[in-house]
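Structural features, examined
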Amino acid sequence: HEEADLAVRWGVRGVSNIETKRHDFRHQKEVTDPVTGEKQYIFPSLERLKRQLLQGPFVLLAVVLLGSLIATAFGIEVFISEVYNGPLKSVLVFLPTLLLTTGLPLLSGILTNIATRISDYENYETDSAYEKSMTRKIFVLNFITSYLPVLLTAFVYVPFGALIVPYLDVFSLTVKPFAESDKQLETPSTSAFTINPSRLRQQVIYFTVTAQIVNFAMEVIVPYLKRQGFLKFREMQSKRAQKKGGARPAASIDDLPEEKDFLARIRSEAELDVYDVTTDLREMVLQFGYLALFSVVWPLVPVSFLINNWIELRADAVKICVEMQRPTPWRADTIGPWLDSLGFLSWLGSITMAALVYLYSNDGLGPDGSPTAIKGWALLLTIFFSEHLYLGLRWAIAFAISKIDSPGRQKERKERFAVRQKYFEESLDQTHRLPPISEKPEEITRAALEEEARTSSLSESTPEKRFWVRQRHWTETAQVGLGLISRDAPDVPEEGESKKEL
């Protein structure tokens, strides 16, 4: 609703319908539009659908590669923190973090390149369609890397930790060089193992508070410090070269005095990074995912995000105005697939929220390491009712919001009414210009018709032309019609004539 309202207010409603084709688009055939006569370059939809089927293996590959890395790091972290009791435990606990920080960017980069090649191979006609396909693939990667660690803790470690802990001895190889004895590497039995009930909440707090602070620092503070440090280093390097007498003349040495400040600002802006709005959109969507999926674990998640977004809004303004090149404005009437991502996360949240409430209800005495405490039918029934309640509320809210008026919708209706009124006035004006029906038409005589036939026979004539010249004016039709009506109408008796005589 807000998207459509802003599109009308900003004058970009429907701009996606007039988008030009991509330069990289490769057509397979050319057809002529039967209406306009223009040439159209077509790529068959069936062929594109066949190529889009590659998205299935891509998603499977992403789940296997990223999921295996995250699950491995998760298992190592659980083993070190819950099982290992040897030396350097406080240091070795950061080993999974090191593994993720080095492996995830590498795998994500490889998978992003594969996603780009698949999108290029799908051969979309417009830039918006290409960006939509690319955004969906990137969302899959971000979904796995962002939410899988919390999902493993919530639905694997806490409910079934006692069952999986005997199999964690495979990760003892990671800390075996530091252990003093094999006893420090022994996994406890199922009955002796106790889960860490605060692990899930700590993990959610990390992703919703600590990770947001780290992201803010990496997004705003670090680029600023890096840029200032680079400028200082270049200035020191230039001074050092001047002392040695081998410095290059500055690019601004030939600038005119009245253009010096302007060119200095342009050179400074040219060295800045390019702003990508997709990065900020992805960040907000992922943040909404934490809120929709796991906020029931720690109820202060919305408050944390409110504070973060208040700061983030101003930090992004500074980033766009100071730390980035001036972004090129592109007209768009929608945020595209990000709206679908928000809808998907909302639906998935109705499932995960219900499952978490069921698993961790009863004052925290829910999952205690024994899966016998979890009834499958009760879990599925809870998810079923929660999902259908969400779908019903979504339909009701969407119906209610569709009835709410807004300035943008009022403006759209006003413009449509003005167009209709203009067409009506123009058609009414054309009607007034027609001659009245009472106007005496040109008399049709035998001589006039013969003269017209003789004139038309002197020039080249086609069947179409002969058809259209049979009637010279609409008044002739009125005259002939009046004659037919008068001839076939019964005689009207005069006042003095009786009915009997009639």
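Here, residues in each chain are numbered from 1, in the same order as that chain's written sequence. Whole-chain, interface and lining totals are the exception, using all residues; otherwise, since this is a predicted model, local features are given only for residues with pLDDT of at least 70 and side-chain atom pairs are given and counted only at 80 or more. Computation of side-chain values: all heavy atoms of the structure, hydrogens and water removed.

The numbering of helices and of strands both runs from the N terminus, where a helix is a DSSP run of H or I of at least 4 residues and a strand a run of E of at least 2. What the chain contains, in helices and strands, is 16 helices and two strands. Counting every position in the chain, which comprises 502 residues, the buried fraction comes to 28%. Residue contacts are defined here by distance: any two heavy atoms, one from each residue, within 4.5 Å place the two residues in contact. When contacts within the chain are restricted to residue pairs at least 6 apart in sequence, those whose partners lie at least 24 apart make up 77%. Only the protein chains shown count as cover for residues, and the accessible areas themselves come from Shrake-Rupley with a 1.4 Å probe. When the accessible area of the chain is evaluated, it comes to approximately 34,400 Å², of which 62% is carbon and sulfur surface. The buried label goes to any residue with under 20% of its type's maximum accessible area, the exposed label to any with over 50%, and the partly exposed label to all in between, with areas taken from a 1.4 Å probe on protein chains only.

Examined against the element boundaries, Gln203 turns out to sit in helix 7 (residues 199-244). Within the structure, the side chain of Gln203 is placed 3.4 Å from the backbone oxygen of Pro149, a separation counted as a polar contact. Apart from the residues lying within four places of it in its own chain, the contact partners of Gln203 are Pro149, Val150 and Thr153. Any pair of nitrogen or oxygen atoms within 3.5 Å is treated as a polar contact; in protein, a donor-acceptor pairing is required on top of that, and neighbouring residues in sequence qualify only through side-chain atoms on both sides.

Further remarks concern a nonpolar patch on the surface. Together, Leu300, Val303, Ile307, Trp310 and Ile311 make up a nonpolar patch on the protein surface, roughly 500 Å² of accessible area in all. As for its position among the elements, Trp310 is in helix 10 (residues 301-323). Residues forming no salt bridge and having over 30% relative accessible area are the ones grouped into patches, like charges within 9 Å of each other and nonpolar side chains (Val, Leu, Ile, Met, Phe, Trp, Tyr) within 5 Å. Here, a salt bridge means any side-chain nitrogen of Lys or Arg that lies within 4 Å of a carboxyl oxygen of Asp or Glu.

So, on to the pairing of strand 1 (residues 29-32). Here a strand pair is declared whenever DSSP counts at least two bridges between the two strands. Here strand 1 runs beside strand 2 (residues 39-42); their pairing, made up of four bridges, is antiparallel. Across the sheet, the residue bridging to Glu30 is Tyr41, located in strand 2. Linking strand 1 back to strand 2 in an antiparallel pair, the connection comprises six residues, with Gly37 at a positive phi of about 80°.

Time to look at the pattern of salt bridges. Inspection of every chain in the model, using the stated rule, returns 14 salt bridges. Across the salt bridge formed by Glu77 and Arg199, the nearest N and O atoms sit 2.4 Å from each other. Of the two residues, Glu77 sits in helix 3 (residues 55-83) while Arg199 sits in helix 7, which places them 122 residues apart along the sequence. By relative accessible area, Arg199 is classed as buried at 10%. Note that Lys319 and Asp280 form a salt bridge whose closest N and O atoms lie 3.1 Å from each other. Residue Lys319 is found in helix 10, and its partner Asp280 is found in helix 9 (residues 277-294); the two are separated by 39 residues along the sequence. Like Asp280, Lys319 is buried.

On to the confidence of the model for the chain. pLDDT: the predictor's confidence for each residue, scored from 0 to 100. Of all residues in the chain, 78% attain a pLDDT of 70 or more, and the chain-wide mean is 78. The low-confidence segment residues 498-502 (pLDDT under 50) makes three contacts with residues lying over four places distant or belonging to another chain.

Another aspect to go through is the environment of Arg26. Mapped onto the secondary structure, Arg26 falls in the loop between helix 1 (2-9) and strand 1. Sequence separation between Arg26 and Glu125 is 99 residues; the distance between their C-alpha atoms is 8.2 Å. Excluding residues within four positions of it along the chain, Arg26 makes contact with Phe43 and Asn123. One polar contact links the side chain of Arg26 to the main-chain carbonyl oxygen of His23, over a distance of 3.1 Å. Within polar-contact distance, the side chain of Arg26 engages the backbone oxygen of Asp24 at 3.4 Å.

For the rest of this paragraph, the subject is the environment of Thr382. Its place among the elements puts Thr382 in helix 12 (residues 376-402). Residues Thr382 and Met353 lie 29 residues apart in sequence; the distance between their C-alpha atoms is 9.9 Å. Those residues within four positions of Thr382 in sequence are excluded, and the remaining contacts are Ala354 and Tyr358. Polar side-chain contacts of Thr382 include one of 2.7 Å to the backbone oxygen of Ala378.

This part is about the packing of aromatic side chains. To pair, rings of Phe, Tyr and Trp, with the six-membered ring standing in for Trp, must have centres within 6.5 Å; the planes then decide the type, stacked if under 30 degrees apart, edge-to-face if over 60, and tilted in the middle. In the structure shown here, the tally under the stated rule is eleven aromatic pairs. Taking the centre distance of 6.2 Å and the plane angle of 50° together, the rings of Phe139 and Phe143 count as tilted. Of the two residues, Phe139 and Phe143 are both situated in helix 6 (residues 127-164); the distance of four residues between them amounts to about one turn of the helix. With relative accessibility at 18%, the residue Phe143 sits in the buried group. Plain terms: the ring middles of Phe139 and Phe344 are 6.3 Å apart, the flat faces sit at 85° to each other, and that makes the pair edge-to-face. Highlighted residues: Phe139 in helix 6 and Phe344 in helix 11 (residues 337-359), separated in sequence by 205 residues. We classify Phe344 as partly exposed; its relative accessible area is 35%. One aromatic cluster in this structure is built from Phe139, Phe143, Tyr147, Tyr206, Phe207, Tyr290, Phe294, Phe344 and Trp347. By the criterion adopted, a ring carries a charge over it if an Arg CZ or a Lys NZ lies within 6 Å of its centre and within 35 degrees of its normal. When the ring centre of Tyr130 is taken as origin, the NZ or CZ atom of Arg22, which lies over that ring, is 4.3 Å away. The ring of Tyr121 is capped by Arg51, whose NZ or CZ atom sits 4.3 Å from the centre of that ring.

Contact geometry of helix 9 with helix 11 gives a least axis separation of 7 Å together with a crossing angle of 20°. In terms of orientation, helix 9 lies roughly parallel with respect to helix 11. The way helix 9 lies across helix 11 gives a crossing that is right-handed. Of the residues in helix 11, those touching helix 9 at Thr278, Leu281, Arg282, Val285, Phe288, Gly289, Leu291, Ala292, Leu293 and Phe294 are Trp338, Ser341, Leu342, Leu345, Ser346, Leu348, Gly349, Thr352, Met353 and Leu356. Its residues assigned to classes, the contact of helix 9 with helix 11 shows 13 nonpolar, six polar and one charged. Axis lines are fitted through C-alpha atoms, for helices just across the contact stretch, and the angle between N-to-C directions can take any value from 0 to 180 degrees. Angular relationships are summarised with four words: roughly parallel below 35 degrees, roughly antiparallel beyond 145, roughly perpendicular across 65 to 115, and oblique for the angles in between. Each helix crossing is assigned a hand: it is left-handed if the near helix lies turned anticlockwise from the far helix by less than a right angle, otherwise right-handed if that turn is clockwise. When residue character is reported, Ala, Val, Leu, Ile, Met, Phe, Trp, Tyr, Cys and Pro are called nonpolar, Asp, Glu, Lys and Arg charged, and the others, Gly included, polar.

Further remarks concern the packing of helix 3 against helix 5 (residues 95-122). Axis separation between helix 3 and helix 5 bottoms out at 11 Å; the angle between their running directions is 175°. Taken as axis vectors, helix 3 and helix 5 run roughly antiparallel relative to one another. Of the residues that constitute the contact of helix 3 with helix 5, the class distribution is 20 nonpolar, three polar and two charged.

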